[in-house]
Amino acid sequence: MSAAFKYFQFTVTSQPKKMMMMEFPDESDTRSKARYRISGRFFKHFSNNSSIPGLKLITQDGVSWFERIMWLLVCLVGILFSSFFCWKMWLKYESSPVFTSLDSPRFPLNDNPFPAVTVCSVNKVSDKRLRLALSDPRYNNVSYSTIHKTLRYMTKLDRAIKHEHDLEQLSDFYKSENITAIELFELLKKTAPNCRDFVLDCIWQGVPDKCNDYLSIRPTDDGICCTFNGAYYSDEELGIQSKNHEPLQIDGNGYRMGLTLVLDANVNDSSVTNGKYDGFKILVQPGEHFPDVADRGFVLSPGTETFVGLKGISSIITNEAVYTVSPHRRRCVVDGEIRLEYVVRYSQSSCIAECTSRKMQELCHCRPYFFRADPSMPLCDLGKYSCISEIYEELRRNGIHTCGCLPQCNDQWYEPEISQASFPGRGFNSSRTFSRLTEKLHHKPDFQYFKSNVATLHVYYKEKTSFLYKTQVYYGIENFIAAVGGILSLGLGLSFIGIIELAYYLFFRCYVPLLSASREQSSEDSSEDPLPLSYRLDNDNRSFVSSKTTPNSSTSNLAEARLGHLATNQGNIKMVEIALD
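In what follows, the accompanying structure is described. Every chain is numbered on its own, with residues counted from 1 as its sequence reads. Owing to the predicted nature of the model, reporting of local features is limited to residues with pLDDT of at least 70; listing and counting of side-chain atom pairs is limited to 80 or more, with chain, interface and lining totals taken over all residues. Side-chain metrics rest on all non-hydrogen atoms present in the structure, leaving aside hydrogens and water.

## A closer look at the nonpolar core
Link 1 in the chain: Judged by nonpolar contacts, the single largest core of 52 residues is most densely connected at Ile 147, Tyr 369 and Tyr 385.
Link 2 in the chain: Strands here are runs of E lasting at least two residues and helices are runs of H or I lasting at least four, both read from the DSSP assignment and numbered beginning at the N terminus. When residues of this core are traced back to their parent elements, those giving at least two are helix H4 (127-133), helix H5 (144-155), helix H6 (164-176), helix H7 (181-191), helix H12 (348-363) and helix H13 (385-403).
Link 3 in the chain: Sorting elements by how many residues they give to this core places H13 first, with six residues.
Link 4 in the chain: Residues belong to one nonpolar core when they are buried, are Ala, Val, Leu, Ile, Met, Phe, Trp, Tyr or Cys, and are joined through side-chain atoms within 4.5 Å. Buried, partly exposed and exposed residues are distinguished by accessible area as a fraction of the type maximum, computed with a 1.4 Å probe on protein chains only: under 20%, between the cut-offs, and over 50%, respectively. One finds Leu 109, Phe 114, Phe 198 and Leu 259 within the second-largest nonpolar core, a separate group that totals 31 residues.

This is the structure:
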């Protein structure tokens, strides 16, 4: 007998010995087979009445097995085909929700903001200013070579890489002299060339000296620099605060409607330099961007007149793309979606700068002078420069991926076209610039000095128009639904009504009846009386033996009644065998 059957043995002593053997199915086995039979009936009923083509030929009566197998394979191929291409459509929906296209190659420049122009002298420290600063009693024990080496590390961060021992020695020395990191920065700020020192002449839209009100000092990764038309900048700990003004707007194109600067490099008054050349590094960018001059600035050499003609490029995004596509999927952010702690308006470069600052605070427990941080965070002393330089170099390479900083959806940038000529030329002494410089310097400019030290820079819009790019929805939810509907119709002949029909059948005709039947069966099982017989284990079979030996005992009557009940319950009994001796 199978292990799934229960054996019951009854002994009646009033007649010749009789052995009644009954086999009952295991309860879980019976219910499982019942579910399979019900599911099969439901599938056949659904197939015969479904609007999906091909299903009825699998279960229809009178169809040969060859035809059933053939149509089953056809349906499986349709399912695989539809699943594969629906997955492809989903990947397309996730990876290409928007696209950016050129909306207008001649968008008017009306009210376009003028960019910020950051000017960094290659000469980071004035020799005269440094010697004057070292006369302070605090620096009596500090040699010129020591402070020179210190300022070289402070003005070019990558010099600190793999110089931990040298930096630790300098840090210990300044601690012994009670010279703090703040005092060293104050020394750098005093000895750096002042904006008004190297800007000999400044012209904004043809008006001399008007632009002096828009020049301000700005710490950068290339040392202390000057910025024209930059965004508001404030660092209370370092005592730096720029003028708060609205960004300047342009009224036309051409170099006379832009910015003109006459810059003096004063190459003979150099102590610490950041390059193998003389002159300046220039960065033209929107005012709210972080001025990473060391990476993106271009060189302006003495003895040249440089024209930087800008081609304005703007990008906008449609409201539909903003509201229906998440920033991660459209790969850009709009104003207000991400707020930075130290910058009013979001930009990708400022986001990376803040991320780098937080990383330095976390790992180095300090911050460099050109990054803002929490007021409680101290300025880095020289012993920490190796730590912050390694983090800075790492995030310069992988900052976008590490920090997750997305570009702006509504942005503006500039493509410069740079041309140069020698300066000063033959007609310089008859120009209005020559007259103004003569008045300011109280003597006529020395042509030879100008050839070796002075450069002229013009920054302006080259044309009256700009490029406008628009980001809009390329593959939205309606495109995805239409594509999936076409694939399901082609692969399975399935429509929207067919999907509703399938869901209806699975729920109302399959799940609900099975659930009801299961609950009814549980109720019947809980109300059924237990078998009133004692039992014992006879070898490997479970045997019930009556405790009475008389033929009219109550146990015999109960057993016969129980057998009659079980014999009539065909839903639970697989087979009943009665073996009489």
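After presenting the structure, the write-up continues.
## A word on the pattern of salt bridges
Link 1 in the chain: When a carboxyl oxygen of Asp or Glu is within 4 Å of a side-chain nitrogen of Lys or Arg, the pair counts as a salt bridge. Across all of its chains, the model carries 21 salt bridges by this definition.
Link 2 in the chain: A salt bridge links Asp 235 to Arg 367, with the nearest nitrogen and oxygen atoms 3.0 Å apart. Of this pair, Asp 235 sits in strand E10 (residues 234-235) while Arg 367 sits in the loop between H12 and H13, and the two are 132 residues apart along the sequence.
Link 3 in the chain: Judged by relative accessible area, Asp 235 falls into the buried class, the value being 5%.
Link 4 in the chain: What you see here is one network of salt bridges that share partners, running through Asp 136, Arg 138 and Glu 183.

## Topic: empty space enclosed by the protein
Link 1 in the chain: Here a cavity denotes grid points, spaced 1 Å and computed from the protein atoms alone, that fit a 1.4 Å probe unable to get out, and a pocket denotes an open set having protein on both sides within 12 Å along at least 5 of 7 lines; residues with an atom within 4 Å of a point are the lining. Grid points are joined across faces, edges and corners, and a volume is the space filled by probe spheres set on the points. The tally for this structure, following the rule as stated, stands at five cavities of 30 Å³ or more.
Link 2 in the chain: Elements with a minimum of two residues in the lining of the largest cavity: strand E4 (116-121) and strand E8 (215-220).
Link 3 in the chain: Gly falls in the polar group here, along with every residue not listed as nonpolar (Ala, Val, Leu, Ile, Met, Phe, Trp, Tyr, Cys, Pro) or charged (Asp, Glu, Lys, Arg). Looking at the lining of the largest cavity, its residues break down into five nonpolar, eight polar and one charged.

## Re helix H3 (residues 65-95)
Link 1 in the chain: A rise of 1.5 Å per residue sets the reference length of H3, with its 31 residues, at 45 Å; its end C-alpha atoms lie 45 Å apart and thus fit the reference within 8%.
Link 2 in the chain: Looking only at H3, the buried set comprises Arg 68, Cys 75, Gly 78, Ser 82, Cys 86, Met 89 and Tyr 93. In this analysis, the expected span of each helix is defined as 1.5 Å times one less than the number of residues it contains.

## A closer look at the sheet that holds strand E15 (residues 298-300)
Link 1 in the chain: Any two strands with at least two DSSP bridges between them are considered paired. In spatial order, the strands read E8-E9-E4-E14-E15; together these five strands make up an open sheet with antiparallel pairing. Only two strands of the sheet have a single partner each, and these edge strands are E8 and E15. With strand direction ignored, the average angle separating the axes of adjacent strands in the sheet is 35 degrees. A fitted line through C-alpha atoms serves as each axis, taken over the contacting stretch for helices, and the angle formed by two N-to-C directions is quoted from 0 to 180°.

## Describing the pairing of strand E16 (residues 304-317)
Link 1 in the chain: For E16, the tally of buried residues reaches 11 of 14 residues, placing the bulk of the element in the interior.
Link 2 in the chain: With 12 bridges connecting them, E16 and strand E17 (residues 411-422) associate as antiparallel partners. The residue bridging Phe 307 from the neighbouring strand is Ser 419, located in E17.
Link 3 in the chain: Sheet topology places E16 next to strand E18 (residues 454-461); six bridges connect them, and they run parallel. Residue pairing for E18: Glu 305 is matched across the bridge by Thr 456.
Link 4 in the chain: With five bridges joining them, E16 and strand E19 (residues 465-473) adopt parallel strand pairing. Each bridged residue has a counterpart across the sheet, and for Ile 316 the counterpart in E19 is Lys 470.

## Comments concerning the state of the cysteines
Here, disulfide denotes a covalent bond that connects the sulfur atoms of two cysteines.
Link 1 in the chain: Throughout, disulfides are identified as pairs of cysteine sulfur atoms within 2.5 Å of each other. Applying the stated criterion across every chain yields a total of eight disulfides.
Link 2 in the chain: With its sulfur 2.0 Å from that of its partner, Cys 366 forms a disulfide with Cys 380. Linking Cys 366 and Cys 380, the disulfide has an S-S dihedral of approximately 90 degrees and is accordingly described as right-handed. With Cys 366 in the loop between H12 and H13 and Cys 380 in the loop between H12 and H13, this residue pair connects regions lying 14 residues apart in the sequence. The two residues Cys 366 and Cys 380 agree in class, both being buried.

## A word on helix H16 (residues 477-492)
Link 1 in the chain: The first and last C-alpha atoms of H16 sit 22 Å apart over 16 residues, in line with the 22 Å expected at 1.5 Å per residue.
Link 2 in the chain: Within the span of H16, buried status applies to Phe 480, Ala 483, Val 484, Ile 487 and Leu 488. The buried side chains of H16 occupy one side of the element, clustering within an arc of 130 degrees when seen end-on. Turned more than 90 degrees away from the buried face of H16, the exposed residues are Ile 481, Ala 482 and Leu 490.
Link 3 in the chain: The positive-phi residue at the C-terminal boundary of H16 is Gly 493, with phi of around 65 degrees. Each C-beta atom gives one direction from the helix axis, and the arc is the one those directions make.

## Brief notes about unusual backbone geometry
Link 1 in the chain: In this chain, Phe 423 is followed by Pro 424 through a cis amide linkage whose omega measures -5 degrees.
Link 2 in the chain: In this structure, Pro 424 sits in the loop between E17 and helix H14 (432-441).
Link 3 in the chain: Look at Arg 331: it is not a glycine, yet its phi comes out positive at around 65 degrees.

## Remarks on the packing of aromatic side chains
Link 1 in the chain: Classification of ring pairs rests on two measures: the distance between centres of Phe, Tyr or Trp rings, Trp counted by its six-membered ring, which must be within 6.5 Å, and the angle between planes, read as stacked under 30 degrees, edge-to-face over 60 and tilted in between. One pass over the structure, following the stated rule, counts 24 aromatic pairs.
Link 2 in the chain: An angle of 80 degrees between the planes, with centres 6.4 Å apart, marks the rings of Phe 114 and Phe 228 as edge-to-face. One end of the pair, Phe 114, is in the loop between strand E3 (98-108) and E4; the other, Phe 228, is in strand E9 (residues 223-228), and 114 residues separate them in sequence. Across the pair, exposure class does not vary: Phe 114 and Phe 228 are buried alike.
Link 3 in the chain: Taking the centre distance of 6.5 Å and the plane angle of 75 degrees together, the rings of Phe 114 and Tyr 461 count as edge-to-face. Residue Phe 114 is found in the loop between E3 and E4, and its partner Tyr 461 is found in strand E18; the two are separated by 347 residues along the sequence.
Link 4 in the chain: For Phe 114, a relative accessible area of 3% corresponds to the buried category.
Link 5 in the chain: Among the aromatic side chains, those forming a connected cluster through ring pairs are Phe 114, Trp 204, Tyr 214, Phe 228, Tyr 414 and Tyr 461.
Link 6 in the chain: In this analysis the charged atom, NZ for Lys or CZ for Arg, is taken to sit over a ring once it is within 6 Å of the ring centre and within 35 degrees of the ring normal. Here the guanidinium or amino end of Arg 68 rests over the ring plane of Trp 65, the centre of that ring lying 5.6 Å away.
Link 7 in the chain: Just above the ring of Phe 467 sits the side chain of Lys 311; from NZ or CZ to the centre is 4.7 Å.

## Digging into the packing of H5 against H6
Link 1 in the chain: H6 packs onto H5 with a crossing angle of 120 degrees between their chain directions and a minimal axis gap of 11 Å. On the basis of the axis angle, H5 is oblique to H6. Relative to H6, the crossing made by H5 is left-handed. Across the interface between the two elements, Thr 146, Ile 147, Lys 149, Thr 150 and Tyr 153 of H5 pack against Asp 166, Leu 167, Leu 170, Phe 173 and Tyr 174 of H6.
Link 2 in the chain: A class-by-class count of the residues in the contact of H5 with H6 yields six nonpolar, two polar and two charged. Each angle gets one of four labels, with under 35 degrees taken as roughly parallel, over 145 as roughly antiparallel, 65 to 115 as roughly perpendicular, and the rest as oblique. We call a crossing left-handed when the near helix sits turned anticlockwise from the far one by less than a right angle, and right-handed when that turn is clockwise. The contact rule is simple, with two residues in contact once any of their heavy atoms fall within 4.5 Å.

## A short note on the packing of H12 against H13
Link 1 in the chain: Between H12 and H13, the least distance of the axes is 9 Å, while the angle of their chain directions is 135 degrees. Relative to H13, the element H12 lies oblique. The way H12 lies across H13 gives a crossing that is right-handed. Taking contact as the criterion, the partners of Gln 348, Ile 352, Cys 355, Thr 356, Lys 359, Met 360 and Leu 363 in H12 are, on H13, Cys 387, Ile 388, Ile 391, Tyr 392, Leu 395, Gly 399, Ile 400 and Cys 403.
Link 2 in the chain: Its residues assigned to classes, the contact of H12 with H13 comprises 11 nonpolar, three polar and one charged.

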